[in-house]
Amino acid sequence: MNTEYGITVIIPTFNEENNIASIIHAVNSSFSKSGISGEILVVDDESRDETIEIVRNISRKCGNVRIIVRHEDHGLSQSVVEGFKQANSELFLVIDADFSHPPELIPRFYEEIKKGHEVVVGSRYIRGGGIRQWPLKRRVLSLGATGLGRILFPEVTDPVSGFFAVKKEVVERAPLKPRGYKILMEILGKGRWDSISEVPFTFSDRKGGESKLSLKIILEYIEQVLNITKYSIDVRDNSVWNEWKRLSRFCFVGLSGIAVNMGALYLLTEYSGFYFLTASAVAIELSIINNFIWNDIWTFKPPENLSPHRESRFHRFLSFQCVSIASLLINMGILYSLTDFLGVYYMISNFIGILVVFFWNYFVNRNLTWKLQPFDRGCEEISPEDFN
Ligand code: GDD
Ligand code: MN
């Protein structure tokens, strides 16, 4: 097996003579600064400028720099996948040649992988990230694409990023259909992974040059989203499917909570002589406890390699309790404002309130109460003496 290097940085290029030498230099200095043993793999689609010559010259001097020139089926995603196949390491990182992605962040990606994440995404949309020099049209389109991608991967704020790292095992057997620019979506949809992490970065556009975005690319992207959805339904055991599974379990548990609530309200009022409002408060609390238990042991049961961020069940319960109380208030707020200010029929307001609260509840609990992290094997805590 080829495991010569700790990481392979894949740089897809097409006519990048102005950038390629500097980006290779920048990637190499990020290696030496952080002590990572890395290789650089340039994947070129028959550039018509000096790109290929320049890289060949560099690789004569730097043993860790290689170039592959592809002669068929040109395209960014195809080139990235070719890079995966030719890499001499177990970890791949993809970066643009034009300095849109800051190479000095490479060690951050590497660290995240070492923490146990299988995919690390450079994100423009988390705190600390951003976009420089983009025309409004491109920003709007990109947000649309990102929004659509987030329906499939709610955990990933930037599923169309071109700056990411992925472990070999994630893509090794994935039936990728590389096309267009959004190879990451394809990997997230068809690769095998449980744990992802994001690193913020500021995307800066190359000076000059037109974006190649056209209606055709947009339609292709929608087709890709549908294809990934279909794949997840056919194959099941993947992250999109797992998300839908969690969501429907959460819904199911919610329905059981309604049954508990109604049952308790009835029993307490009829047989224990509670005033019905007091009984209702007790019934609500019972349904919260019911929902917590089922969500904890069933809906959000962690896969083997992950463990809950909140280790104690009691802390998870407190978190769930707070979110539930907030939900109640939000539901009432929506009911009140839609009905009183906008004159919506109160049953419709209530229904809208329930829907909003359901999704809010799901996402907040998923990311707060049952947030997962790579399973900590605690190796760092063993000192060398322990082995003697
Ligand atoms: N091998 C190969 N083949 N490389 C290509 C091709 C191709 O057909 N087309 C572009 N590239 C290379 C470029 O040389 C550059 O290194 C990188 O791929 C990105 O191409 P750009 O043309 O600069 O992309 P962009 O700035 O419009 O798009 C960026 O933003 C997207 C997110 O909105 C890229 O970073 C994408 O990767 C990213 O998805
Ligand atoms: Mn670019």
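Quick summary incoming for the structure in this document. One numbering rule holds for all chains: residues counted from 1, following each sequence as written. As they are written, the chains are lettered A onward and the ligands numbered 1 onward, keeping that order. Under the rules for a predicted model, residues below a pLDDT of 70 receive no local features and side-chain atom pairs below 80 are neither given nor counted, while totals for whole chains, interfaces and linings still include all residues. Hydrogens are left out, water is left out, and the side-chain values use all remaining heavy atoms of the structure.

1. Concerning the overall build of the protein
Point 1. Each helix and strand counted, the protein has twelve helices and eleven strands in total.
Point 2. Taking the principal axes of its C-alpha atoms as reference, the protein extends roughly 90 × 65 × 35 Å.
Point 3. Per-residue burial for the protein yields a buried fraction of 45% across its 388 residues.
Point 4. Here, two residues are considered to be in contact whenever any of their heavy atoms come within 4.5 Å of each other. Put simply, 77% of the contacts in the protein that link residues at least 6 apart link residues at least 24 apart.
Point 5. When the accessible surface of the protein is summed, it comes to about 21100 Å², and 60% of that surface belongs to carbon and sulfur atoms.
Point 6. Positive charges come from Lys and Arg, negative ones from Asp and Glu, while His and the chain ends are left out of the count. Positions of charges follow a simple convention, taking NZ of Lys, CZ of Arg, CG of Asp or CD of Glu. In the protein, the 42 positive side-chain charges and the 45 negative ones have mean positions that sit 3 Å from each other. What counts as a helix is a DSSP run of H or I of at least four residues, what counts as a strand is a run of E of at least two, and both are numbered from the N terminus. Partly exposed describes any residue whose relative accessible area lies between the buried limit of under 20% and the exposed limit of over 50%, with all areas from a 1.4 Å probe on protein chains only and scaled to the type maximum. Each accessible area value is a Shrake-Rupley result obtained with a 1.4 Å probe; residue values ignore everything except the protein chains displayed when judging cover.

2. Overview of the environment of His309
Point 1. In this fold, His309 is placed in the loop between β10 (306-308) and α11 (313-342).
Point 2. Note on His309: relative accessible area 41%, which makes it partly exposed.
Point 3. Put simply, His309 and Trp244 are 65 residues apart on the chain and 21 Å apart in space, counted from C-alpha to C-alpha.
Point 4. Excluding residues that lie within four positions of it along the chain, His309 makes contacts with Lys371, Leu372 and Gln373.
Point 5. A 3.5 Å cut-off defines polar contacts: any pair of N or O atoms within that distance qualifies, except that in protein one atom must be a possible hydrogen donor and the other a possible acceptor, and neighbouring residues in sequence count only when both atoms are side-chain atoms. Side-chain polar atoms of His309 contact the side chain of Gln373, separated by 3.4 Å.

3. Thoughts on the sheet that holds strand β7 (residues 164-167)
Point 1. The strand order β3-β2-β1-β4-β7-β5-β8 describes an open sheet built from seven strands, whose pairing is mixed. Because the sheet does not close on itself, it has two edges, and the strands there are β3 (65-69) and β8 (196-200). Direction aside, the axes of adjacent strands within the sheet are offset by 20° on average.
Point 2. The strands touched by helix α3 (residues 76-86) within the sheet are β1 (7-13), β2 (38-44), β3, β4 (91-94) and β7, with β1 carrying the most contacts at an inclination of about 150°.
Point 3. Helix α7 (residues 183-190) contacts β5 (119-123), β7 and β8 of the sheet and is inclined by roughly 30° relative to β7. Paired strands, as defined in this entry, are two strands with at least two bridges between them according to DSSP. Inter-axis angles, ranging from 0 to 180 degrees, are taken between N-to-C directions of lines fitted to C-alpha atoms, where helices are fitted over the stretch in contact.

4. What to know about the packing of aromatic side chains
Any aromatic ring pair is given by two values, namely how distant the centres are and how the planes are angled relative to each other.
Point 1. Stacked, tilted and edge-to-face are the three classes assigned to paired rings of Phe, Tyr and Trp, where Trp is represented by its six-membered ring and a pair needs centres within 6.5 Å; plane angles under 30 degrees give stacked, over 60 edge-to-face, the rest tilted. In this structure the tally under the stated criterion is 21 aromatic pairs.
Point 2. Here the aromatic rings of Phe109 and Phe163 are separated by 4.6 Å at their centres, their planes lie at 40°, and the arrangement is tilted. Linking Phe109 in helix α4 (residues 106-114) with Phe163 in the loop between α5 (136-152) and β7, this pair joins segments that are 54 residues apart in sequence. With respect to burial, Phe109 and Phe163 carry one shared label: buried.
Point 3. Following the ring pairs from residue to residue traces out a cluster consisting of Phe250, Phe292, Phe300, Phe317, Phe320, Phe358, Phe359, Tyr362, Phe363 and Trp370.

5. A short note on the packing of helix α9 (residues 239-271) against helix α10 (residues 276-299)
Relative placement of two packed helices is described by the angle separating their axes and the distance separating the axes.
Point 1. For the pair α9 and α10, interaxial distance at closest approach is 8 Å and the crossing angle is 150°. Taken together, α9 and α10 sit at an angle that is classed as roughly antiparallel. For the element pair α9 and α10, the recorded crossing hand is right-handed.
Point 2. Polar here means any residue other than Ala, Val, Leu, Ile, Met, Phe, Trp, Tyr, Cys and Pro, which are nonpolar, and Asp, Glu, Lys and Arg, which are charged; Gly is therefore polar. The class makeup of the residues in the contact of α9 with α10 is 15 nonpolar, eleven polar and two charged. We call two directions roughly parallel when the angle between them is under 35 degrees, roughly antiparallel when it is over 145, roughly perpendicular when it lies between 65 and 115, and oblique otherwise. Should the near helix be turned anticlockwise from the far one by less than a right angle, the crossing is termed left-handed; should it be turned clockwise, right-handed.

6. Details of helix α2 (residues 51-61)
Point 1. Of all the residues in α2, the buried ones are Thr51, Ile52, Val55 and Ile58. Projected onto a plane normal to the axis of α2, the buried residues spread over an arc of 130° and lie on a single side. For α2, the exposed residues lying more than 90 degrees away from the buried face are Arg60 and Lys61.
Point 2. Turning to α2, the residues buried within the fold contact β1, α1 (20-34), β2 and β3. The directions from the helix axis to the C-beta atoms are what the arc is built from.

None of the figures reported here should be taken as evidence of function without further support.
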